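An overview of the molecular structure
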Amino acid sequence: PAVYQWDYIDSVFTPAREGGFNMIATINGNPAWAATRARGPIDKAPLSRFADFVGALAERYDGDGIDDAPGSPVVEYFEFYNEPDAGNLGRDKRWGNYGKEYAEMLAAVYPASKSANPNAKVLLGGIAYDWFEEDNGPFVRTFLDTVLANGGGNFFDIMNFHQYPPFAASWGAPNGPGLIEKTNAVRAKLAEFGVNKPLVITESGAHSN
């Protein structure tokens, strides 16, 4: 649609920015017009329409005084979904088995966000990269490989992953289960595809239910 409903997002971003926080905005639930699944592939509208939405989002929070949110809050980091490497989490079916489609989505939204705000940075959605399906978990081991094999590495600025030591055995931690070891494992995976990106870790901690 040509008109979007920003009121709720404005109510979060504006006070956060006024409080001095530099935010990563996570597009974590699809607009109902765009997709069947809240956090899965875009299948109800052309990717170009979804990219228009992302461009409008980047424009609204670029702080240039044109089509801005009230008070012109600035958001320059945009993450596409949280743990998109999950296959099925109950009824929550994500991108895990759709790495090719995720790469195509990145290829659509990347230029749209940059056109709206040249300072915008696109983050890969923070992947769990552990507790894989073969370990009776929900995450698809091949998701990152498939995204990168389909050119997705050209369409994000920052690699993003999560780190929880109890699941280190899944990704292989011969030298330890910590942040450094997993960082090295993720860098090695990117290098297999000739990709070298800055890294951010958007979740880490001692896992507890």
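For the structure itself, look to the data block above.
A brief report on the enclosed structure follows. Note that the structure is predicted; figures quoted are calculated from it, not measured. Positions within a chain are numbered from 1, following the residues in the order the chain's sequence is written. pLDDT decides what is reported in this predicted model: residues at 70 or higher carry local features, side-chain atom pairs at 80 or more are listed and counted, and totals for whole chains, interfaces and linings draw on all residues regardless. With hydrogens and water stripped out, all remaining heavy atoms of the structure feed into the side-chain values.

With that out of the way, let us pick up the pairing of strand β6 (residues 159-163). Using a 1.4 Å probe on the protein chains alone, a residue whose accessible area is under 20% of its type maximum counts as buried, one over 50% counts as exposed, and one in between counts as partly exposed. For helices the rule is a DSSP run of H or I covering at least 4 residues; for strands it is a run of E covering at least 2, with both sets numbered from the N terminus onward. Summarising burial for β6: 5 of the 5 residues are buried, a large majority. Residue alternation in β6 divides its side chains into two sets, Met 159, Phe 161 and Gln 163 and Asn 160 and His 162, and both sets are buried. Two strands pair when backbone bridges link them, and β6 and strand β7 (residues 199-204) are joined in this way by 5 bridges, in the parallel orientation. Residue Met 159 lies in a different strand from β7, and its bridge partner there is Leu 199. By the convention used here, strands pair only if DSSP detects at least 2 bridges between them.

Attention shifts here to helix α2 (residues 47-60). To estimate how far a helix should reach, multiply one less than its number of residues by 1.5 Å. Look at α2: 20 Å from first C-alpha to last across 14 residues, which is about the 20 Å you get at 1.5 Å a residue. For α2, the secondary structure elements touched by its buried residues are α1 (7-18), β1 (24-27), β2 (77-82) and α3 (99-116). Throughout, a residue-residue contact means that at least one pair of heavy atoms, one from each residue, lies within 4.5 Å.

Only the contacting stretch of a helix is used when fitting its axis, a line to C-alpha atoms as for every element, and angles between N-to-C directions run 0 to 180 degrees. Where α2 contacts α3, the two axes come as close as 8 Å, and the packing angle between them is 35°. The way α2 lies across α3 gives a crossing that is right-handed. When α2 is examined against α3, the residues Leu 47, Phe 50, Ala 51, Val 54, Gly 55, Ala 58 and Glu 59 are found in contact with a partner set consisting of Glu 104, Met 105, Ala 108, Val 109, Ala 112, Ser 113 and Ala 116. Following the grouping adopted for this structure description, the nonpolar residues are Ala, Val, Leu, Ile, Met, Phe, Trp, Tyr, Cys and Pro, the charged ones are Asp, Glu, Lys and Arg, and the polar ones are all others, Gly among them. Grouping the constituent residues of the contact of α2 with α3 by class yields 10 nonpolar, 2 polar and 2 charged. Here is the rule for handedness: rotate from the far helix to the near one, and if that takes an anticlockwise turn smaller than a right angle the crossing is left-handed, while a clockwise turn gives right-handed.

Our next topic: the sheet that holds β1. Taken in spatial order, the 3 strands of this open sheet run β1-β2-β5, and their pairing is parallel. Only two strands of the sheet have a single partner each, and these edge strands are β1 and β5 (121-126). Pairwise comparison of adjacent strand axes, ignoring direction, gives a mean angle of 30° for this sheet. Bridge count for β1 against β2 is 4 bridges, and the pairing is parallel. Bridge assignment links Ile 27 to a residue of β2, and that residue is Phe 80. Contacts from α2 reach β1 and β2, with the element oriented near 135° to β2.

A word on helix α6 (residues 179-192). For α6, built from 14 residues, the straight-helix expectation of 20 Å at 1.5 Å per residue is met to within 8% by its first-to-last C-alpha distance of 20 Å. Buried within α6 are the following residues: Lys 182, Thr 183, Val 186, Lys 189 and Leu 190. Down the axis of α6, the smallest arc covering the buried residues is 125°, so these residues share one side. Seen from the open side of α6, the exposed residues pointing more than 90 degrees away from its buried face are Ile 180, Ala 191 and Glu 192. Among the structural elements, α4 (143-149), β6, α5 (168-171) and β7 are those in contact with the buried residues of α6. Looking one or two places after α6, you find Gly 194, whose phi comes out positive at around 70°. Our arc is simply the arc of the directions from the helix axis toward the C-beta atoms.

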